[in-house]
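Structural features, examined
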Amino acid sequence: FEERIRCDRIKNKVMSAEEAASLIKDGMTIGTSGFVTGGPKAVPLAIAERYKNEKIKLNLYTGAIVGDELDGAFAREGLVDKRIPYQTNKDMRNAINNGSVKFIDMHLSHMPQQIRYGFLGKIDFAIIEATAITEDGNIIPTMSVGNSPTFVSTADKVIVEINTSQPIELEGMHDIYEPKDPPYREPIPITKVSDRIGVPYIPCDSDKIAAVVFSDMKDTTLQLTSINETSKKISDYLIDFLQTEIKRGRLPKTFLPLQSGVGNVANAVLAGFIELKYNNLNLYSEVIQDAVLDLIDADKIEKVSGTALTLSEEGLKRFYANINKYKEKIILRPQEISNNPEVIRRLGVISINTAIEVDIYGNVNSTHILGTKMMNGIGGSADFTRNAYISIFATPSTAKDDNISCIVPMVSHVDHTEHDVMVVVTEQGLADLRGLSPKERAMMIIKNCAHPDYKDALMNYYERSIKKHGAVQTPNLLDEAFLWHTRCLNTGNMKI
Ligand code: 0RQ
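Structure report, in brief. Only a predicted model underlies this, so the values are computations on that prediction, with no experimental measurement involved.

**Observations regarding the layout of surface pockets**
Its volume calculated, the largest pocket comes out at about 1,500 Å³. Together, 50 residues line the largest pocket, and Val-262, Thr-354, Ala-355, Met-375 and Asn-376 are the ones closest to its centre. A per-class count over the lining of the largest pocket returns 21 nonpolar, 25 polar and 4 charged.

Okay, structure coming up:
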C-alpha cells in the first residue's frame, strides 16, 4: 500500500470500485487511459453494473483500443452516446454500425490537442490505471500512456485505479510531455528516438483526485497466431525492398526508425529483421509487440519508443521476467508525441500499416467494410503515413477465402490518398509508387499486387476506362467503379 500510494493527502480517497462508480452521472464525458493495454477495468465494470437498468448516457473518450471491461461492458448496457477515437470491440462495433453509438473516427495524434482546444467539450472525469501515485499526487501509468496526460490535465476530477498486478518496476519507463499554451506551440525537442523530454509520471494536482481504487485485474492480451505464409511473403518482399533502398543509397546504412501497426503482418515484418545484419535499429512506433522483445534479445535494438506495450500472454511473461533489461531500451510516451507529425517527419520514420483495400491508383481504405460499416478506425495510421520518410501499406491481396479482392478499381472509402501512399505490398509482390503518375501506378499495382483471380478483371477495367475517356489523368468508369462492392454485398463474392 505505502509503495503504491506515496501521497498522504489522498490516502483517505481510497474506496471501492462501486463507490467510485457512483461519482459518474448521466451526461458526463469520461476520458480513460488505455491503448490496447493499460485501461481501467474495475471502475468501468462497476459503472456498467450500477447503471445496468438505468438509461444513462456517457461520452467515452480513450487513447485507442480498450478492453471488454470498458468498451464491451458499456456497449452491452447501452451506456455510450459518443465514442472517440478508436475501438476494436465486437459489441462496440455493432453498436456503432446499428446507429446507437455516435463514433468519431479521429487521427490519434489530433485528439489530445482538440481536447485542449476545447473542440470536444469538457472532460468531467479522467479514469486512469496506475502503477502508483507519487508523494506529490502524480500518476505513474502502467503499460500504456495514450491520452492520459491530457485527460488528467483537462478533467474536472480524476479517478485512479491502481493495478497491483503491474510491477512497480514500470516506474521510469514513461516520458510524459504535453505541449503547452494552445494554440501557440513550441517545437517538440525530440531529435533522436532515445531523447527523453518530459517527466516519468503524469503530473496531477492531488486535489483533483476524487477516488483511488485498487484492482489486480489483468489486461486482455493480444493473440498472435504463428506467422503464416502470407505474412511471411509480405515481410520478405518488404525487407528485400528496404535492403535494396540501402544499396541504392536512399536509406542510411544504419537504417531509419520503423513504425509498424498492430497485428500479425506487422509482427511478421519486424520478426524478419532478426535475420538481418543491422544491430542498431530504432523504432518510433505506436504499439510495441512481441517481435520487439525478440529483437532486443537478439541485440538488434538501440531504442524503442511507443505509447503502449501490447504483448501476447507469452510476451508479457518474458517482459516481466526481464523487466529491467527491457526498460533500458523502451520509452513509453503520450500518443500525441509517439504519433506526432512534426517528430515523425524529423526522424524520417518508415511507416508500415495495414489496409482493408487499395485501389489501382494507390488510395487506401483502412476503416470501412464495403464502404459503409466501421471496422476499427483510422488509428494512428495517417499520423505516420503522411509524414513518413517512406510510407508503406501491406495487405493480403484477397480476403474471405479469395471472395474479396483487396485491390479494387476504386476504394469504397478513402483514409489515405494516393498523395500519401508510397509503397503497396501484398503476398503477390510490391509496388513502389514513388515518382509514378496515376496511370503508371495503376499498371504497377495491378501487375505486382493483385491476386491472379482478379488481375485480368482489373486490367480490363483500366483499359476500358482509357477506351471510354481517353488517357485522362485518372481513368475511371464511374458507373462501374463500385460494381465489385455491390456484387459482394449481394452475393458475398466480388467475382463475376
Ligand atoms: O475479418 O476478422 O472476420 O477474419 O477484416 O483483417 O487481414 O486479419 O488484418 O487484423 O491486421 O486488420 C486494416 C482492419 C486490418 C487494421 C485493419 C477482413 C478480414 C478480417 C481483419 P475477420 P486481417 P488485421 C496501428 C495503426 C487501421 C488502424 C491502423 C486496422 C478482418 O489494421 O484497423 O492502421 N487498421 N492503426 O477478413 C472485407 C476487405 C477486407 C476484409 C480484410 N477488403 N473486405 N473484409 N477484411 N480485408 C494501430 C492503432 O492505431 C491502435
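Resuming the write-up.
**Digging into the packing of helix H9 (residues 290–297) against helix H10 (residues 313–321)**
Helix packing geometry: the angle between the two helix axes and the distance between the axes. H10 packs onto H9 with a crossing angle of 40° between their chain directions and a minimal axis gap of 9 Å. Classified by the angle their axes make, H9 and H10 are oblique. Of the two elements, H9 crosses H10, and the hand of that crossing is left-handed. Between H9 and H10, the contacting residues are Asp-290, Leu-293, Asp-294 and Asp-297 on the first element and Gly-315, Arg-318 and Phe-319 on the second. In terms of residue class, the contact of H9 with H10 is made up of 2 nonpolar, 1 polar and 4 charged.

**Looking at empty space enclosed by the protein**
Rolled over the atoms, a probe as big as a water molecule pinpoints where empty space is left. Under the defined criterion, the tally for this structure stands at 1 cavity of 30 Å³ or more. Put simply, the largest cavity is a space of about 50 Å³.

**With respect to the sheet that holds strand E1 (residues 29–32)**
One key point about sheets: their strands pair by backbone hydrogen bonds, in either a parallel or an antiparallel sense. Read from one edge of the open sheet, 7 strands run E4-E3-E2-E1-E5-E8-E9, paired in parallel fashion. A strand with exactly one partner marks an edge of an open sheet, and here the two such strands are strand E4 (102–103) and strand E9 (209–215). Sheet topology places strand E2 (residues 58–61) next to strand E3 (residues 80–84); 4 bridges connect them, and they run parallel. In the sheet register, Asn-59 faces E3, and the bridge partner there is Lys-82. Across the sheet, helix H3 (residues 68–76) touches E1, E2 and E3, and the angle it forms with E2 is around 155°.

Rules of the game
Residues numbered from 1 in each chain as written. Predicted model: local features only at pLDDT ≥ 70, side-chain atom pairs only at ≥ 80, totals over all residues. Heavy atoms only, no water. 1 Å grid on protein atoms, 1.4 Å probe; cavity = no way out; pocket = protein on both sides within 12 Å on 5 of 7 lines; lining within 4 Å. Points joined across faces, edges and corners; volume = space filled by probe spheres on them. Nonpolar A, V, L, I, M, F, W, Y, C, P; charged D, E, K, R; others polar. Axes fitted to C-alpha atoms, helices over the stretch in contact; angles between N-to-C directions. Helix = DSSP H or I, 4+ residues; strand = E, 2+ residues; numbered from the N terminus. Parallel < 35°, antiparallel > 145°, perpendicular 65-115°, else oblique. Left-handed = near helix turned anticlockwise from the far one by under 90°. Contact = heavy atoms within 4.5 Å. Pairing = 2+ DSSP bridges.

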